[in-house]
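These are the residues of each chain, in order.
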Amino acid sequence: MDPPVLSLRKQHGGPDASAYSSPIAQELLSAIVAKLQDKYSDSLQSEQLSVGEVESVLNGLWSFQEECLGRHVSDAALTRIHGRFFNNLAEDSPIVDLLGAAYEFKAINGMRRFEWTASKMDRNFEMIMSIQHKLQETGAVTLPNIFIDPSIQGTQRQTLEAIARKRQCTIVSSIPEATHVISQYPEIDPNASGEEWMRCVAQRGEQRLAHFWFYPDSYDTWLRTIDVAGDVEPYLNKEQWVVSAWWLLHSDQFNEFLNEEDYEDGDYTLPPQKTKRSSSSGTKPKASEKRKRKVSGSPEASNGQRKPKKDKRLEDDDNDDDD
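Numbering of residues starts from 1 in each chain and follows the order in which that chain's sequence is written. Per-residue local features are limited, in this predicted model, to residues with pLDDT of at least 70; the limit for side-chain atom pairs, both in listing and counting, is 80 or more; totals at the level of whole chains, interfaces and linings are taken over all residues. Only hydrogens and water are removed before side-chain values are computed, so all heavy atoms of the structure are retained for them.

A. Geometry of the pattern of salt bridges. Think of a salt bridge as a Lys or Arg side-chain nitrogen and an Asp or Glu carboxyl oxygen that are within 4 Å of each other. Within this structure, the stated rule accounts for 15 salt bridges. Residues Glu-264 and Lys-238 are paired through a salt bridge, measuring 2.7 Å at the closest nitrogen-oxygen approach. With Glu-264 in the loop between α7 (246-254) and β8 (293-296) and Lys-238 in the loop between β6 (221-224) and β7 (241-243), the pair connects residues that are 26 residues apart, well separated along the chain. Residue Glu-264 is classed as buried on the basis of its relative accessible area, which comes to 1%. Three or more residues are tied together by salt bridges with common partners; here these are Glu-66, Arg-80 and Glu-256. The way it works is that DSSP assigns letters per residue, a run of H or I at least four long becomes a helix, a run of E at least two long becomes a strand, and they are numbered from the N terminus. The buried label applies to any residue whose accessible area, calculated with a 1.4 Å probe on protein chains only, is under 20% of its type's maximum; exposed applies above 50%, and partly exposed to all values in between.

What follows is the structure in structure tokens.
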């Protein structure tokens, strides 16, 4: 019997062993090398760039982030680069500028090679900050402007504001200014509910990238197509998100901004605003329920999150058991 999907989920935020090894991934990396040589030629004049070299840099940077900026690190020096950037190998994706910024830093600082050892920790932190700055310049990353609903007060509000400042977010006083509206502070951590949920966010040949709810994108895992049911549903991008407080709390726990869709509050009513970020009715429409699928069963617990539809493949298994 094949193992359940849950047992195949990565238990860490480091590199996925199969992320770059498939023939399709190697072909995509080859296109990225060509794009890098064209866009960052000034910084690559002394480089013998190859697919293997680029793969090594990506794995090295990803591993360094997990080792020195991962969940287990207390009081990490800075917030991690989004995990999703390491899995998107399209030649027009942010991974080109991520790599380009790394090579620019290497050239400016006269580095002979990339080194991911503890002795080079401070320099690598500086490089990560340079990469983050580049991704902000290109618009791939936007630091959140956070509006906290007035119903959240006292210690809870103070906690959220402290995390926001620590993560270089801006606390705003009105909803139209916000990229993120924190609507409520549920008492129960959704990761403590005993349920596991996933959705497929990408496909590469016979592999599918599974995103597990309430975990960072760095925990996304490449699995066999047969292990990940449903349509491919890429990450959503919105100008404004309405999320529960656990989006920010988990971002702090994992030291990486979490996937907002996992924390959307579809019942929160936005006041009518003359702004492109608000809906005409003032009510935020609920996101499609099909994007969230159960991996393992347990007692139902909403914990301030919307209750999704069960994975169709698992429903079929349950029906077979009843026969």
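Following the structure, the description resumes.
B. Summary view of the side chain of Glu-196. Relative to the elements of secondary structure, Glu-196 occurs in strand β4 (residues 196-204). Among the residues examined, Glu-196 registers a relative accessible area of 9% and is labelled buried. Within the structure, the side chain of Glu-196 is placed 3.0 Å from the side chain of Arg-9, a separation counted as a polar contact. Counted as a polar contact is a pair of N or O atoms within 3.5 Å, where, for protein atoms, one must be capable of donating a hydrogen and the other of accepting one, and residues adjacent in sequence contribute only when both atoms are in side chains.

C. Inspection of the environment of Asp-231 at higher detail. Among the structural elements, Asp-231 can be located in the loop between β6 and β7. Distance in space between the C-alpha atoms of Asp-231 and Ala-202 is 9.3 Å, their sequence separation being 29 residues.

D. How the structure looks around the sheet that holds β7. By definition, two strands form a pair when at least two bridges between them are found by DSSP. Ordered by their spatial adjacency, four strands build an open sheet running β2-β1-β3-β7, and the pairing between neighbours is parallel. Since the sheet does not close on itself, it has two edges, and those belong to β2 (170-171) and β7, each with one partner. Where strand β1 (residues 145-148) lies against β2, two bridges are found, and the strand directions are parallel. Bridged to Ile-146 within β2 is Ile-171. A contact between two residues is defined here by any heavy atoms of the two lying within 4.5 Å. In this analysis an axis means a line fitted to C-alpha atoms, helices contributing only their contacting stretch, and an angle means the value between N-to-C directions, from 0 to 180 degrees. The strands touched by helix α6 (residues 154-166) are β1, β2 and β3 (180-182); relative to β1, the strand with the most contacts, the crossing angle is about 175°.

E. Main features of the packing of aromatic side chains. Stacked, edge-to-face and tilted are the three classes for Phe, Tyr and Trp ring pairs, Trp counted by its six-membered ring, which pair at centre distances within 6.5 Å; planes under 30 degrees apart are stacked, over 60 edge-to-face, the rest tilted. Taken as a whole, this structure holds 13 aromatic pairs when the rule is applied. Relative to Tyr-219, the ring of Tyr-215 lies with its centre 5.5 Å away and its plane at 45°, an arrangement referred to as tilted. Assessed through its relative accessible area of 14%, Tyr-215 is described here as buried. Tyr-219 gets classed as buried once you look at its relative accessible area, which sits at 7%. The ring of Phe-212 carries Arg-9 above its face, with NZ or CZ at 5.6 Å from the centroid. As a reminder, the over-ring test applies to NZ of lysine and CZ of arginine, requiring each to be within 6 Å of the ring centre and within 35 degrees of the ring normal. In this structure, Arg-84 packs its charged tip against the face of Tyr-235, placed 4.0 Å from the ring centre.

F. How the structure looks around the pairing of β4. Among the nine residues of β4, seven are classified as buried, and the element is accordingly described as predominantly covered. The pairing of β4 with strand β5 (residues 207-212) spans six bridges and is classified as antiparallel. By the bridge assignment for β5, Arg-204 is matched with Gln-207. Count of turn residues in the β4/β5 antiparallel hairpin: two residues, of which Gly-205 carries a positive phi of about 65°.

G. A look at the nonpolar core. The criterion is simple. A nonpolar core is a set of buried Ala, Val, Leu, Ile, Met, Phe, Trp, Tyr and Cys residues joined through side-chain atoms within 4.5 Å. By size, the foremost hydrophobic cluster in this structure holds 45 residues, and its most contacted members are Leu-36, Val-54, Leu-58, Ile-81, Leu-98, Leu-99 and Ile-131. When residues of this core are traced back to their parent elements, those giving at least two are α2 (23-39), α3 (51-69), α4 (95-108) and α5 (121-137). Examining the composition of this core, we find that nine residues originate from one element, α3, more than from any other. In contact with Val-54, other than residues within four places in its own chain, are Leu-29, Val-33, Leu-36, Leu-49, Leu-99 and Tyr-103.

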